Amino acid sequence: SSYLDFTCSDVRQWWAEQFSLDKYKGSTMDLFTWNDMNEPSVFNGPEVSMPKDAKNRQGVEHREWHNLFGLYMQMATALGLTIRSPTDSEQER
């Protein structure tokens, strides 16, 4: 398995861009998103998470950012849904 490194702002921006209607095929403005399993999990090891010494792109160990993974994923998803949503002035047209 592999995981997006949501601790990197460029990864969060890329994720947010995936929610645009032209990229998210079959999506509509009424489609909502449920982020489940918001932190990496490993089901066949001594721990139920990534190894504590796994590192992100900046070299920080997983144990330091495990709980931030879900927060950053949620932030990126919310940004993507906000970007794709029309502003109030566009809705009035």
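Residues numbered from 1 in each chain as written. Predicted model: local features only at pLDDT ≥ 70, side-chain atom pairs only at ≥ 80, totals over all residues. Heavy atoms only, no water.

1. A closer look at the packing of aromatic side chains
The full count for this structure, using the stated rule, is six aromatic pairs. Arranged with centres 5.3 Å apart and planes meeting at 80°, the rings of Phe6 and Phe69 form a pair that is edge-to-face. A residue pair is termed long-range when its members are at least 10 positions apart, and Phe6 in the segment before α1 (9–17) and Phe69 in helix α2 (residues 62–84) qualify at 63 residues. Exposure remark for Phe6: the relative accessible area of 2% places this residue in the buried category. Seen from their ring centres, Phe19 and Tyr24 are 5.9 Å apart, and the 70° between their planes marks the pair as edge-to-face. Note on Phe19: relative accessible area 6%, which makes it buried. Its relative accessible area of 30% is what places Tyr24 among the partly exposed residues. (Phe/Tyr/Trp six-rings, centres within 6.5 Å; stacked < 30°, edge-to-face > 60°. Helix = DSSP H or I, 4+ residues; strand = E, 2+ residues; numbered from the N terminus. Buried < 20%, exposed > 50% of the residue type's maximum accessible area, 1.4 Å probe, protein only.)

2. Observations regarding α1
Of the positions making up α1, those classed as buried are Val11, Arg12, Trp15 and Ala16. Down the axis of α1, the smallest arc covering the buried residues is 140°, so these residues share one side. (Arc of directions from axis to C-beta.)

3. Structural notes on the packing of α1 against α2
For the pair α1 and α2, the least separation of the axes is 7 Å and the interaxial angle reads 45°. On the basis of the axis angle, α1 is oblique to α2. Remark: the crossing between α1 and α2 carries right-handed chirality. For the pair α1 and α2, the contacting residues are Arg12, Gln13, Trp15 and Ala16 in the first and Tyr72, Met73, Ala76, Thr77, Leu79, Gly80 and Ile83 in the second. A class-by-class count of the residues in the contact of α1 with α2 yields seven nonpolar, three polar and one charged. (Axes fitted to C-alpha atoms, helices over the stretch in contact; angles between N-to-C directions. Parallel < 35°, antiparallel > 145°, perpendicular 65-115°, else oblique. Left-handed = near helix turned anticlockwise from the far one by under 90°. Contact = heavy atoms within 4.5 Å. Nonpolar A, V, L, I, M, F, W, Y, C, P; charged D, E, K, R; others polar.)

4. Some details on the environment of Ser20
Turning to its location among the elements, Ser20 is positioned in the loop between α1 and α2. Linking Ser20 and Ser85, residues 65 residues apart in sequence, is a C-alpha distance of 8.9 Å. Here the side chain of Ser20 touches Glu17 through a polar contact of 3.3 Å, landing on its backbone oxygen. (Polar contact = N/O pair within 3.5 Å; in protein donor to acceptor, adjacent residues only side chain to side chain.)

5. Some points on the confidence of the model for the protein chain
Residues shown with low pLDDT carry predicted positions that ought not to be read at fine detail. Of the residues in the protein chain, 83% reach a pLDDT of 70 or more, and the chain-wide mean stands at 82. α1 holds the highest mean pLDDT among the elements of the protein chain, 96, whereas helix α3 (residues 88–91) holds the lowest, 55. (pLDDT = per-residue confidence, 0-100.)

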